[in-house]
Amino acid sequence: MKIVHVVWVSTLITLVCVITPAFAQAPSLPQPGSVFLEELTWIELRDAVAAGKPTIIIPTGGTEQNGPHIVLGKHNYLVKYKTGEIARQLGNALVAPVVAYVPEGDVDPPTGHMRYAGTITTPQDVFAKVLEYAARSFKQHGFVDIVLIGDSGGNQEGQRIVAAALNKEWAATPVRVHHITAYYPGRGDDWVVSQGVSAEEVGTHAGTHDTASLMYINPSMLRFDKFVIGKAGDGQGHVGNPAKATALFGRRILEMQIQDATAQIRDLRVSSRKRADLR
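Residues numbered from 1 in each chain as written. Predicted model: local features only at pLDDT ≥ 70, side-chain atom pairs only at ≥ 80, totals over all residues. Heavy atoms only, no water.

Colleague: Explain the packing of aromatic side chains to me, please; I cannot follow it from the model alone.
Modeller: In this description, an aromatic ring pair is defined by two values, namely the gap between the centres and the angle between the planes. Counted by the stated rule, this structure contains three aromatic pairs. Where Trp191 meets Phe249, the ring centres are 5.7 Å apart and the plane angle is 85 degrees; that geometry is what we call edge-to-face. Of this pair, Trp191 sits in helix H6 (residues 188–194) while Phe249 sits in helix H9 (residues 247–271), placing them 58 residues apart in sequence. Its relative accessible area of 13% is what places Phe249 among the buried residues. Above the plane of the ring of Phe36 lies Lys80, whose end atom (NZ or CZ) is 5.0 Å from the centre. (Phe/Tyr/Trp six-rings, centres within 6.5 Å; stacked < 30°, edge-to-face > 60°. Helix = DSSP H or I, 4+ residues; strand = E, 2+ residues; numbered from the N terminus. Buried < 20%, exposed > 50% of the residue type's maximum accessible area, 1.4 Å probe, protein only. Lys NZ or Arg CZ within 6 Å of the ring centre and 35° of its normal.)

Colleague: Would you mind showing me how to read the layout of surface pockets here?
Modeller: A water-sized probe, rolled over the atoms, reveals where empty space remains. Of the voids in this model, the second largest pocket is the one considered here, and its volume is about 220 Å³. His75, Asp151, Tyr184, Thr204 and Asp210 are the residues nearest the centre of the second largest pocket, which is lined by 18 residues in total. Only helix H3 (74–90) and helix H8 (208–217) provide two or more residues apiece to the lining of the second largest pocket. Examining the composition of the lining of the second largest pocket, we find that four residues originate from one element, H3, more than from any other. (1 Å grid on protein atoms, 1.4 Å probe; cavity = no way out; pocket = protein on both sides within 12 Å on 5 of 7 lines; lining within 4 Å. Points joined across faces, edges and corners; volume = space filled by probe spheres on them.)

Colleague: Can you walk me through the environment of Gln257 in this structure?
Modeller: Mapped onto the fold, Gln257 is located in helix H9. In sequence terms Gln257 and Arg187 are 70 residues apart; their C-alpha atoms lie 7.3 Å from each other. Among residues more than four places away in sequence, those in contact with Gln257 are Lys82, Tyr183, Pro185 and His209. (Contact = heavy atoms within 4.5 Å.)

Colleague: Hey, could you run me through the pattern of salt bridges in this one?
Modeller: This model, assessed by the stated rule, comprises twelve salt bridges. The shortest N-O distance in the salt bridge between Arg46 and Asp47 comes to 3.0 Å. We classify Arg46 as partly exposed; its relative accessible area is 43%. Among the residues examined, Asp47 registers a relative accessible area of 37% and is labelled partly exposed. The salt bridge partner of Glu85 is Arg88, with a shortest N-O separation of 2.9 Å. Linking Glu85 with Arg88, this pair stays in helix H3, spanning three residues, or about one helical turn. The exposure class assigned to Glu85 is partly exposed, which follows from its relative accessible area of 25%. We classify Arg88 as partly exposed; its relative accessible area is 46%. (Salt bridge = Lys/Arg side-chain N within 4 Å of Asp/Glu carboxyl O.)

What follows is the structure, encoded as structure tokens:
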């Protein structure tokens, strides 16, 4: 009997080891409360639109160098976080997947951020076409306010062009595309200067603004031992002094961007339908 018992226990342990990976995960649960489209099923998305969520935000980020102290995906992470908060404040909006491939310079010879390893670029017309067909897709699915929010300077012109073209085409319909200008670059840099940090130290690219924002919401994306002053043309890739950043600066910078973008979206959802030049 002991031999049989040992064999039975051994077999049971083997079975548990084999089947555990398949059943160890928590059961899949619906996420109807999520504001992120990619976390919803198509049925949840369809029902959310029908129930009164007619606004979709298309965030555009970018995959680019950010000096030696910030990871390449900075823009994508920041814009997803901020658009998620914007959608929650609006209360009737959802967020599309982040567009991570944006204009970053020429490939050959490399210009702009393409001079640094890891940057991914697309031509402006390709970027605009992606946005256009994302907007056309969302119109097909019942959204009437399609919002373009870009976390990088190179994204703004393509967003503006697409919004203008589609609004002209769709003037006789209830659908509008909104290029948000209050979000980027925002009031953050001027506010940090008002707190006693010089404009030179605040910098422009991957300086105090970005460093502080990540310090507040996800410091794992920072390399604190690489916090050195960067100047234009020095080959490091950033301009400013990241050591001047604080998490409190980051919280206020994010609050202002979220607040300003939310206010502009609310305004445009009304004012864009009153413009005679769209008819």
